[in-house]
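Understanding the architecture of this molecule
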Amino acid sequence: MLRRDGAGRWRVVSGREQGEVLRVAGDRLYWATYPVTRAPLPFGR
């Protein structure tokens, strides 16, 4: 479950990922600091 944590930010409030942040930055999503994309990208980019 996610709870709003400010403008463009949501925080996980239950479950295994509790405390992690989902951030919306323009047309990108960042889950726990990792970019979420439609196309797979290698680590290190």
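Residues numbered from 1 in each chain as written. Predicted model: local features only at pLDDT ≥ 70, side-chain atom pairs only at ≥ 80, totals over all residues. Heavy atoms only, no water.

In the nomenclature of an unreviewed UniProt entry, the protein chain corresponds to DUF7586 domain-containing protein from the organism Angustibacter aerolatus.

**Quick look at a nonpolar patch on the surface**
Rule in force here: Here a patch means residues that are over 30% exposed by relative accessible area and free of salt bridges, tied together within 9 Å if like-charged and within 5 Å if nonpolar (Val, Leu, Ile, Met, Phe, Trp, Tyr). Here the open area of atoms and residues is found with the Shrake-Rupley method and a 1.4 Å probe, where only the protein chains shown may cover a residue. For this analysis, a salt bridge means a side-chain nitrogen from Lys or Arg found within 4 Å of a carboxyl oxygen belonging to Asp or Glu. Where helices and strands are cited, they refer to DSSP runs of H or I of at least four residues and of E of at least two residues respectively, numbered from the N terminus.
Where nonpolar side chains cluster on the molecular surface, the patch consists of Val 24, Leu 29 and Val 36 and spans about 210 Å² of accessible area. Inspection of the secondary structure puts Leu 29 in strand β4 (residues 28-31).

**Regarding the pairing of strand β3 (residues 21-25)**
Both faces of the sheet carry side chains from a regular strand, because those side chains alternate between them. Definition in use: Only strands that DSSP links by at least two bridges are regarded as paired with each other.
Looking at chain direction, strand β2 (residues 9-12) and β3 are connected through three bridges and run antiparallel. Opposite Arg 9, over in β3, you have Arg 23 as the bridge partner. Counting the residues between successive antiparallel strands, the hairpin from β3 to β4 contains two residues, one of them, Gly 26, with a positive phi of roughly 65 degrees.

**A few points about the environment of Val 21**
Here Val 21 is to be found in strand β3. Along the chain, Val 21 and Leu 2 lie 19 residues apart, while their C-alpha atoms are 8.9 Å from each other.

**Observations regarding the pairing of β2**
Where strand β1 (residues 2-4) and β2 come together, three bridges link them in antiparallel fashion. Paired with Arg 3 across the bridge in β2 is Arg 11. Taken together, β1 and the strand that follows it, β2, pair antiparallel across an intervening segment of four residues, in which Gly 6 is found at a positive phi of about 120 degrees.

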